[in-house]
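If you want the building blocks of each chain, they are given just below.
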Amino acid sequence: MSDEGFLAASRSGILLLDGAMGTQLMAAGASERDRMEWNVSHPDVVERLLREYVDAGSDVIETNTFAATRQQLARCGHGDRVAEIAEAATRVARRAADGKAFVAACVGPTGELPEPYGDLKPEAAVGIFAEQIEAHAAAGVDLVLLETFIALEELEPAVSAAKRAAPDVPLAATMSFDRGAHTSFGVDGETAASRLVELGCNIVGANCAYGDELVSVMAAMRAAVDVPLLCQPNAGLPQLVDGETVFAAQPGEFAELAKRLKDVGVTLFGGCCGTTPAHIRALAQAVRTPSGR
Ligand SMILES: [Zn+2]
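Residues numbered from 1 in each chain as written. Predicted model: local features only at pLDDT ≥ 70, side-chain atom pairs only at ≥ 80, totals over all residues. Heavy atoms only, no water.

Trainee: I'd love a proper account of the overall build of the protein chain, names of residues and values included.
Mentor: Helix and strand counts for the protein chain come out as 12 helices and 10 strands. Whereas a compact globule of 293 residues would reach a radius of gyration of roughly 19 Å, the protein chain reaches 17 Å, a difference of no more than 12%. Projecting the C-alpha coordinates of the protein chain onto the three principal axes gives extents of approximately 50 × 50 × 40 Å. In the protein chain, which comprises 293 residues, the share counted as buried stands at 56%. Intrachain contacts of the protein chain at a sequence separation of at least 6 include 77% that bridge at least 24 residues. Of the side chains in the protein chain, 24 bear a positive and 40 a negative charge, and the two mean positions are spaced by 4 Å. (Helix = DSSP H or I, 4+ residues; strand = E, 2+ residues; numbered from the N terminus. Rg over C-alpha atoms; globule rule 2.2 N^0.38 Å. Buried < 20%, exposed > 50% of the residue type's maximum accessible area, 1.4 Å probe, protein only. Contact = heavy atoms within 4.5 Å. Lys, Arg positive; Asp, Glu negative; His and termini not counted. Charge placed at Lys NZ, Arg CZ, Asp CG, Glu CD.)

Trainee: Lay out the pairing of strand S5 (residues 171-175) with the relevant residues and their values.
Mentor: Regular strands have side chains that alternate between both faces of the sheet. Burial of S5 is extensive: five of the five residues sit out of reach of the surface. Residue alternation in S5 divides its side chains into two sets, Leu171, Ala173 and Met175 and Ala172 and Thr174, and both sets are buried. Bridging between strand S4 (residues 143-149) and S5 involves four bridges; their strand directions are parallel. Bridge pairing in S5 places Leu146 opposite Ala173. (Pairing = 2+ DSSP bridges.)

Trainee: Describe in detail the sheet that holds strand S3 (residues 102-107), supporting the description with residues and values.
Mentor: Working definition: the strands of a sheet are paired by backbone hydrogen bonds and lie parallel or antiparallel to each other. Ordered in space as S1-S10-S7-S6-S5-S4-S3-S2, the eight strands form an open sheet in which the pairing is parallel. At either end of the open sheet lies a strand with only one pairing partner, and these are strand S1 (15-16) and strand S2 (60-62). Summarising the sheet, strand S7 (residues 229-232) and strand S10 (residues 268-269) pair through two bridges and their orientation is parallel. By the bridge assignment, Cys231 is partnered in S10 with Phe269.

Trainee: Run through helix H8 (residues 152-165), naming residues and quoting values.
Mentor: Spanning 14 residues, H8 covers 19 Å between terminal C-alpha atoms, matching the ideal 20 Å at 1.5 Å per step. Turning to H8, its buried residues are Leu152, Glu154, Leu155, Pro157, Ala158, Val159, Ala161, Ala162 and Ala165. The secondary structure elements touched by the buried residues of H8 are helix H7 (122-139), S4, S5 and helix H9 (189-198). (Expected span 1.5 Å × (residues − 1).)

Trainee: An account of helix H12 (residues 277-288) is requested, with residue identities and associated values reported.
Mentor: A rise of 1.5 Å per residue sets the reference length of H12, with its 12 residues, at 16 Å; its end C-alpha atoms lie 16 Å apart and thus fit the reference within 8%. Where H12 is concerned, the buried positions are Pro277, His279, Ile280, Ala282, Leu283, Ala284, Ala286 and Val287. Here the buried face of H12 lies against S1, helix H2 (22-27), helix H4 (43-56), helix H11 (251-263) and S10.

Trainee: Talk me through the layout of surface pockets; I want residue IDs and the actual numbers.
Mentor: Space inside the largest pocket adds up to approximately 850 Å³. Lining the largest pocket are 31 residues; nearest its centre among them are Ala20, Gly22, Thr23, Arg35 and Cys273. Elements supplying a minimum of two residues to the lining of the largest pocket: H2, S4 and strand S9 (244-247). Ranked by residues supplied to the lining of the largest pocket, first place goes to S9 with four residues. Taken together, the residues of the lining of the largest pocket break down into 12 nonpolar, 13 polar and six charged. What the second largest pocket holds in volume is close to 200 Å³. Taken together, 14 residues make up the lining of the second largest pocket; nearest its centre are Pro109, Thr148, Ile150, Asp178 and Phe185. For the lining of the second largest pocket, a count of residues per class yields eight nonpolar, three polar and three charged. (1 Å grid on protein atoms, 1.4 Å probe; cavity = no way out; pocket = protein on both sides within 12 Å on 5 of 7 lines; lining within 4 Å. Points joined across faces, edges and corners; volume = space filled by probe spheres on them. Nonpolar A, V, L, I, M, F, W, Y, C, P; charged D, E, K, R; others polar.)

Any link to function would need more than the numbers given here.
The following block contains the structure:
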């Protein structure tokens, strides 16, 4: 990590984010229900897992807060602990970064359907996201990363919330193109990127997808906007093994996809579902070295 701020670093070259956290935490013994709460009850474990990503070459690590909005925490019985969990997660990530990596506040969807598909009203959504983002900003983050959104009707309020709760913090937003060229709600890469930049996002991109169509989505984003592009693919396409969804792309295969993403103009890379420190290591080798182009 250089002394320059995150935005300058994001504009000047390749940056690596981290890989999956949920699966790593569950491998360390956390239940799906308590993954967010572990920032408070098991900060040492969260810190160790994040440090593994720093050691693997991540320039940016994400707080363990993908499901830390009030709505998501309420499903696990922790709905009144948003600020406590977000602040604890930020402090843990800062310790793991240890001056060697930037810290991104990870903010995921509420799990509720936005209007007109469901009942979540835009103004309510702004309040929900602002509550989490305010706590991260108070504890000190280098950027806010809104990720895995599939509906602009939910992502736009999240962007508004970030602008309100953390006006001086750089903002990145990614959508999950889980239907190939589109998200489940029919958003394509060009539409997503244009709209998000128009709303003031400093970095835009895609996560939680994989394959040829993801490369096309990023190429469409590159043609539509001129801000840095971020892509965090899954470790392959989902496969059903013994009734469980697994992502089985090996680090080498994952890194080959990253090279193609680099060719279409992506400069910020990381991993989503199923990725591990080994995937980040392969990524660093693939996109940072001359042989990785
Ligand atoms: Zn994912």
